[in-house]
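Residue strings, one per chain:
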Amino acid sequence: ANESGAAVVNDSVKTTDGRHVEVAANIGQPAELEPAAKRGADGVGLYRTEFLFLDRETPPSEDEQYEAIRQALDTFPDGRVVVRTLDIGGDKRIPYLDLPDEENPFLGERGIRRSLAPDSDLFATQLRALLRAAADGAGDLAIMFPLVATIEELDAALDALEAAAGLDDYDADAVDPEVGVMIETPSAVFMADELAARVDFLSIGTNDLTQYVMAADRENERVGDLHDPTHPGVLRAIQQTVTAAHAEDIWVGMCGEMAGDPDLTELLVGLGLDELSMSAVTIPEVKTAVSETSYSSASERGDRAQLAATRSEVHTTLDT
Ligand code: PEP
Ligand code: MG
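Please read these numbers as outputs of a predicted model, since none were measured by experiment.

1. Some words on the overall build of the protein chain
Here is step 1: Broken down by element type, the protein chain carries 13 helices and 9 strands.
Here is step 2: In terms of overall dimensions, the protein chain is globule-like: its C-alpha atoms have a radius of gyration of 19 Å, near the 20 Å expected for 320 residues.
Here is step 3: Taken along the three principal axes of its C-alpha coordinates, the protein chain extends 55 × 45 × 35 Å.
Here is step 4: Considering only contacts in the protein chain between residues 6 or more positions apart, those separated by 24 or more positions represent 69%.
Here is step 5: Accessible surface for the protein chain amounts to roughly 13700 Å². Of this, 46% is attributable to carbon and sulfur atoms.
Here is step 6: Averaging the positions of the 24 positive and the 62 negative side-chain charges in the protein chain gives two centres separated by 4 Å.

Here it is as structure tokens:
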């Protein structure tokens, strides 16, 4: 048992009626890998690589990034490690990068927008490090792009990946990473069918998605009631994303805070999520919750929840 009292489940988990749900860890630092494995993570569902850039004076070199990702892949030899490319801007500032001040940073040059900016070579360096690590590491690498809003951004990111894959200092035949996008903007939800047709997976970032769907700052407590992913507007965005992914036969996960709330596990399984990724502390509880959920009744409940008109109706649905 861990501090929450839930037993650690090292095997992958299924619902009572046999539906497999991947339960993975959100990671920011190499030091978090072992504890996540000990708590039973099936893999890494979100590696927030911007943390490798913090608390230093210059960006990490390609080799340093390679080592960090290699360590993640070797910690989960039988699992998948989803590495998110650099997600700076908004709440995540890196002083030495000296980015211009913006009036509305959350609506500014953050996430994939920054990586694709012509004045940045950080993206190419990072992609090279990821591909080299994938060639040498034990587990399976997946690469994920943050804050995508348009197909053009995805196409440009895929072009950059292809260019990085053309480098000759690794065994290209050994590398075939899955590629996915985070669903964090309303545009990505509306375009989820087109995105899903072009990638191997989608992962819903409910922290940002809630902020942008509800127009409620994720850091402002005065609008904390609105920044709640159980509002039906957000649930419908989640449902639409899942439907779009499954129509293209790709998997869809969730890596926002919502995914780690064991009180919402049944709802999320019912909405059809294939993977839930969370801070490692909640993994044992969420695995237990998955194993106690019947997918067929959860999916009826999920249907009712996303037809609810108000947040309180959603919660009534969850409690009955
Ligand atoms: C999210 O937005 O839900 C997410 C997982 O990304 P971050 O919290 O790092 O912005
Ligand atoms: Mg985000």
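There's more to say after this.
2. A short note on the environment of Arg48
Here is step 1: Relative to the helices and strands, Arg48 is located in strand β3 (residues 44-48).
Here is step 2: Residues Arg48 and Asp87, 39 residues apart in the sequence, show an inter-C-alpha distance of 7.5 Å.
Here is step 3: Aside from chain neighbours lying at most four places away, what touches Arg48 is Asn26, Ile27, Gly28, Arg84, Asn207 and Glu257.

3. Focus: the coordination of the magnesium ion (ligand 2)
Between any two of four tetrahedral donors, the ideal angle at the metal is 109.5 degrees; between two of six octahedral donors, it is 90 or 180 degrees.
Here is step 1: For the magnesium ion (ligand 2), the protein coordination sphere consists of Glu184 (OE) and Asp208 (OD), at 2.0 Å. Taken together, the residues span a long stretch of sequence, with Glu184 in the loop between β6 (178-183) and α6 (186-190) and Asp208 in helix α8 (residues 206-214) at a distance of 24 residues.

4. Digging into the layout of surface pockets
Here is step 1: For the largest pocket, the calculated volume is near 220 Å³.
Here is step 2: Lining the largest pocket we find 14 residues, and of these Asn26, Ile27, Gly28, Glu32 and Ser279 sit closest to its centre.
Here is step 3: Mapped by element, the contributors of at least two residues to the lining of the largest pocket are β2 (20-27) and α1 (33-38).
Here is step 4: For the lining of the largest pocket, a count of residues per class yields 6 nonpolar, 3 polar and 5 charged.
Here is step 5: Each pocket or cavity is described by its volume, and for the second largest pocket that value is around 150 Å³.
Here is step 6: Every residue along the wall of the second largest pocket is listed here: Leu131, Leu158, Leu161, Glu162, Ala165, Tyr170, Ala172, Val175, Asp176 and Pro177.
Here is step 7: It is helix α5 (residues 151-165) that contributes the most residues to the lining of the second largest pocket, 4 residues altogether.
Here is step 8: Split by residue class, the lining of the second largest pocket holds 8 nonpolar, no polar and 2 charged.

5. As for the packing of aromatic side chains
Here is step 1: If you walk through the whole model with that rule in mind, you get 2 aromatic pairs.
Here is step 2: For the ring pair Phe123 and Phe145, a centre distance of 6.1 Å and an interplane angle of 65 degrees mean the geometry is edge-to-face. Here Phe145 lies in strand β5 (residues 140-145) and Phe123 lies in helix α4 (residues 122-136), a separation of 22 residues in the sequence.
Here is step 3: Residue Phe123 is classed as buried on the basis of its relative accessible area of 4%.
Here is step 4: Using a relative accessible area of 0% as the deciding quantity, one classes Phe145 as buried.
Here is step 5: Here Phe201 and Trp251 contribute two aromatic rings whose centre-to-centre distance is 4.5 Å and whose plane-to-plane angle is 5 degrees, an arrangement assigned as stacked. Of the two residues, Phe201 is situated in strand β7 (residues 201-204) and Trp251 in strand β8 (residues 251-254); the sequence distance between them amounts to 50 residues. For the pair formed by Phe201 and Trp251, the shared burial category is buried.

Cut-offs applied
Residues numbered from 1 in each chain as written. Chains lettered and ligands numbered in written order. Predicted model: local features only at pLDDT ≥ 70, side-chain atom pairs only at ≥ 80, totals over all residues. Heavy atoms only, no water. Helix = DSSP H or I, 4+ residues; strand = E, 2+ residues; numbered from the N terminus. Rg over C-alpha atoms; globule rule 2.2 N^0.38 Å. Contact = heavy atoms within 4.5 Å. Areas by Shrake-Rupley, 256 points an atom, 1.4 Å probe, with all protein chains shown as cover. Lys, Arg positive; Asp, Glu negative; His and termini not counted. Charge placed at Lys NZ, Arg CZ, Asp CG, Glu CD. Donors = N, O, S within 2.8 Å, 3.2 Å for Na, K, Ca; no water. 1 Å grid on protein atoms, 1.4 Å probe; cavity = no way out; pocket = protein on both sides within 12 Å on 5 of 7 lines; lining within 4 Å. Points joined across faces, edges and corners; volume = space filled by probe spheres on them. Nonpolar A, V, L, I, M, F, W, Y, C, P; charged D, E, K, R; others polar. Phe/Tyr/Trp six-rings, centres within 6.5 Å; stacked < 30°, edge-to-face > 60°. Buried < 20%, exposed > 50% of the residue type's maximum accessible area, 1.4 Å probe, protein only.

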